[in-house]
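Listed below, chain by chain, are the residues.
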Amino acid sequence: MRITISHDRPRAEVVAAVDRSFDDLFKGVAELPVKVTIQQRTWRGSTLTFALTAKWGLLSTPINGTVEVTDHDITVDADLGLLNRFVSEKTARAMMGDRIKGLLK
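Conventions we followed
Within every chain, residues take consecutive numbers counted from 1 along the sequence as written. Per-residue local features are limited, in this predicted model, to residues with pLDDT of at least 70; the limit for side-chain atom pairs, both in listing and counting, is 80 or more; totals at the level of whole chains, interfaces and linings are taken over all residues. Hydrogen atoms and water are omitted, and side-chain values are computed over all heavy atoms in the structure. Where helices and strands are cited, they refer to DSSP runs of H or I of at least four residues and of E of at least two residues respectively, numbered from the N terminus. Burial classes: relative accessible area under 20% of the type maximum marks a residue as buried, over 50% as exposed, and values in between as partly exposed (1.4 Å probe, protein chains only). We call two residues in contact when some of their heavy atoms are within 4.5 Å. Each accessible area is a Shrake-Rupley estimate made with a 1.4 Å probe; only the visible protein chains count as cover when residues are assessed. Asp and Glu are treated as the negative residues and Lys and Arg as the positive ones, with His and the ends of the chain left uncounted. By convention, the point assigned to a charge is CZ for Arg, NZ for Lys, CD for Glu and CG for Asp. By convention a nonpolar core is built from buried Ala, Val, Leu, Ile, Met, Phe, Trp, Tyr and Cys residues, the set being connected through side-chain atoms within 4.5 Å. A strand pair is defined by DSSP finding two or more bridges across the two strands. Fitting a line to C-alpha atoms yields each axis, with helices limited to the stretch in contact; the angle taken between N-to-C directions then spans 0 to 180 degrees.

1. Structural notes on the overall build of the protein
Point 1. On a plain count of helices and strands, the protein comes out with 2 helices and 5 strands.
Point 2. Secondary structure elements of the protein, listed N to C terminal, follow the sequence β-α-β-β-β-β-α.
Point 3. Each principal axis of the C-alpha distribution contributes one length, and for the protein these read about 40 × 25 × 20 Å.
Point 4. Counting over 105 residues, the protein shows a buried share of 40%.
Point 5. Here the analysis covers contacts within the protein between residues at least 6 apart in sequence; of these, 51% occur between residues at least 24 apart.
Point 6. With the model as given, the accessible surface of the protein reaches about 6,200 Å², and the carbon-plus-sulfur share is 50%.
Point 7. The protein carries 15 positive and 13 negative side-chain charges, and their two centres are separated by 5 Å.

Right under this line is the structure:
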C-alpha cells in the first residue's frame, strides 16, 4: 500500500509531527477490531522505517514499511501482510490518509 500526501510545512516540522504521533497513526483504529503493537521504528534522515504486528482475534501478521518526508510530500509505503485479506487496500489507504492529513492541520 502506498499513500502520498502533499504538505506545505517545513520538512523538520513534519518529521517531528510524524515522530510525535506515530503511535496514534496505527493504534486505535476505531473502524477495525485490530490491535497494533509497534515492534521497531528507526529514523534515518527524514525516512522512518517501521515494523508492527497487527492482531485480529487469533490472527497475527507483521506490517512493515517506511514513511518518507520530503519538502512537499509524505509517502507511506506499507506491506499489510495478511491484513490485506480482511481489509481492502482502498479502506486502509483512506483511513491512513485521513490520519496523516490530521497530523498536518
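2. A word on the nonpolar core
Point 1. Val18, Ile63 and Ile74 are the most contacted members of the largest nonpolar core, which has 28 residues in total.
Point 2. Mapped by element, the contributors of at least two residues to this core are strand E1 (2-6), helix H1 (11-26), strand E3 (47-56), strand E4 (59-69), strand E5 (73-79) and helix H2 (89-103).
Point 3. For this core, the leading source of residues is H1, giving 5 residues.
Point 4. Apart from the residues within four sequence positions on either side, Val18 is in contact with Trp43, Leu48, Val67, Val69, Ile74 and Leu103.

3. Concerning the sheet that holds E3
Point 1. An order of E1-E5-E4-E3-E2 is seen for the 5 strands of this open sheet, with the pairing classed as antiparallel. Strand pairing shows two members of the sheet lacking a second neighbour, E1 and strand E2 (35-44), which therefore form its edges. Taking the axes of each pair of neighbouring strands and ignoring which way they run, one obtains an average angle of 15° across the sheet.
Point 2. Relative to E5, E1 runs antiparallel, the two being bridged by 5 bridges. Bridging from a neighbouring strand, Ile5 pairs with Ile74 of E5.

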